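# Descriptive structure summary
Letter by letter, the chains look like this.
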Amino acid sequence: MTKIPLDIGDYADIKPVYDMLNNCAEGFKKYCILLTAVEIGIFDRLVVPQTIRDISHELKTDLNIISNVCEALKIMGLVFERSGLYENTEISNLFLRTDSPLAQHNVLKNLQSGLRLWENLPKILKEGPITLSEEKFFANNLIHSLADEALCGELQRTVSIIAELPEFKKAKRLLDLGGGHGLYAIAFTKINPDLVAHVYDFPGVIDDTRKYIEKYEAERVKVISGNFFADDIGEEYDVIFFSSNPGGKNPRIVPRIYESLKKNGLFINKHCFYSKGEGSKNILLDIEWNLTTFEGVQKGNKVYTFNGDLFYDEYIELLEKYFSIINIVDSPDFTGYPLSKIGDTLDSKIIIASRC
Ligand SMILES: C[S@@+](CC[C@H](N)C(=O)[O-])C[C@H]1O[C@@H](n2cnc3c(N)ncnc32)[C@H](O)[C@@H]1O
């Protein structure tokens, strides 16, 4: 028989545990409200003021629940209410309205698929990571999420750094290697009127790249489909831009990039690097990184690492055999606001090097 702990000295302070649980529960509930509001289109409606009854009628939702959801959105700072009329706050208009140029819907979707993976943590712990096709992983929302995210500071800041380079100003032919959405290539052609840019990616991703090219009417952006570990990447480029890629720290790619550049051509590498002996940059991202594994490319233990990657000093040493390094820019100078799911700002660097 288990004795019921009835004495005053039998209990201990539960606060640390309940504080943690409350935090988790509150975060999860707010996340569900936000996701639902986006999914049912509340922020698309509340561009103009509406009563709860209008919202409920138009969205065909339960009147009481939607009334509470709107109240919660008000507390979260996403809508405001005046005389019974609800309306988007400025941040909702900017980031949560579907047709806003800075809409973050793909980031939310990506966050959702990441959290679904986390639900499998007990199974993955026992049975190992879920194997995914790398091409499908990127095509299935990740590049769209990266695109939404890039448009909120990182793209503009990165492009403004590159735009200052005299070699870029003269460039006529650029390769955006593993370019995904192609927004960097698109932006580069918008600021250099003589530039033709080529976005290189897997065939399944390139179909989506084309949609971005069309959306932003980027006539001088072309696509090349292939696998840069196995296939030809082309030649005679003035600039090769390489950002957030599995090959970003891989020594095999460096001589190939060298070969594909013209003399004095620029290699711009934008990646998250590790120093020898460095611990975790973010333990939650490390765990998430290892919930999945890619067919064909083996991931390392820490977020954004792959087997065969070089440490930062080793990579620089290798680069210096082929290139002269012009500048290295650290992440606070070019990244946007960090997002914990993506975490791309973690000690990223832009290494700008010129082919010797
Ligand atoms: C994390 S995304 C980065 C996209 C973009 N460069 C950026 O910085 O936002 C990585 C991209 O590289 C592509 N990629 C990964 N491995 C590749 C390979 N072996 N060959 C071609 N593309 C590859 C992916 O499909 C994806 O579009």
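Cut-offs used in this document
Residues numbered from 1 in each chain as written. Predicted model: local features only at pLDDT ≥ 70, side-chain atom pairs only at ≥ 80, totals over all residues. Heavy atoms only, no water. Near = heavy atom within 4 Å. Polar contact = N/O pair within 3.5 Å; in protein donor to acceptor, adjacent residues only side chain to side chain. Areas by Shrake-Rupley, 256 points an atom, 1.4 Å probe, with all protein chains shown as cover. Helix = DSSP H or I, 4+ residues; strand = E, 2+ residues; numbered from the N terminus. Nonpolar A, V, L, I, M, F, W, Y, C, P; charged D, E, K, R; others polar. Buried < 20%, exposed > 50% of the residue type's maximum accessible area, 1.4 Å probe, protein only. UniProt positions renumbered as here; feature names shortened; annotations may be inferred. Expected span 1.5 Å × (residues − 1). Arc of directions from axis to C-beta. Contact = heavy atoms within 4.5 Å.

A few words on the site of the ligand. Near the ligand lie 20 residues; those nearest to it are His-181, Asp-201, Asn-227, Ser-243 and Asn-245. Between a nitrogen atom of the ligand and a main-chain N or O atom of Phe-228, the distance comes to 2.9 Å. Coverage of the ligand by the protein amounts to 96% of the 590 Å² it exposes when considered alone. Top element by residues in the shell around the ligand is helix α8 (residues 134-163). It accounts for four residues. For the shell around the ligand, the class distribution of residues is nine nonpolar, nine polar and two charged.

Next up on the list: unusual backbone geometry. For residues besides glycine, phi is generally negative; the peptide bonds are generally trans as well. A positive phi is found at Lys-60, a non-glycine position, where the angle reads about 55°. If you trace the backbone, Lys-60 turns up in the loop between α3 (52-59) and α4 (63-75). Relative accessible area serves as the criterion here: at 73%, Lys-60 is assigned to the exposed category. If you check the backbone angles, Ser-83 has positive phi at about 50° while not being a glycine. Inspection of the secondary structure assignment puts Ser-83 in the loop between β1 (79-82) and β2 (85-88).

Bringing the UniProt feature "domain: O-methyltransferase dimerisation" (unreviewed entry) in the protein chain into the picture now. The feature "domain: O-methyltransferase dimerisation" (unreviewed entry), as annotated in UniProt, sits at residues 25-97 in this numbering. Helix makes up 64% of residues 25-97 and strand 11%, with an end-to-end C-alpha separation of 26 Å.

Structurally, the α-helix is built with 3.6 residues per turn, so residues lying three or four positions apart point the same way. Here helix α11 (residues 203-215) is 13 residues long and its end C-alpha atoms lie 19 Å apart, about the 18 Å a rise of 1.5 Å per residue gives. Among the residues of α11, Val-205, Ile-206, Asp-208, Thr-209, Tyr-212 and Ile-213 are the ones counted as buried. Taken around the axis of α11, the buried residues stretch over an arc of 165°, which confines them to a single face. Exposed and facing more than 90 degrees away from the buried side of α11 are Lys-211, Glu-214 and Lys-215. Among the structural elements, α8, α10 (183-191), β5 (196-201) and β6 (221-225) are those in contact with the buried residues of α11.

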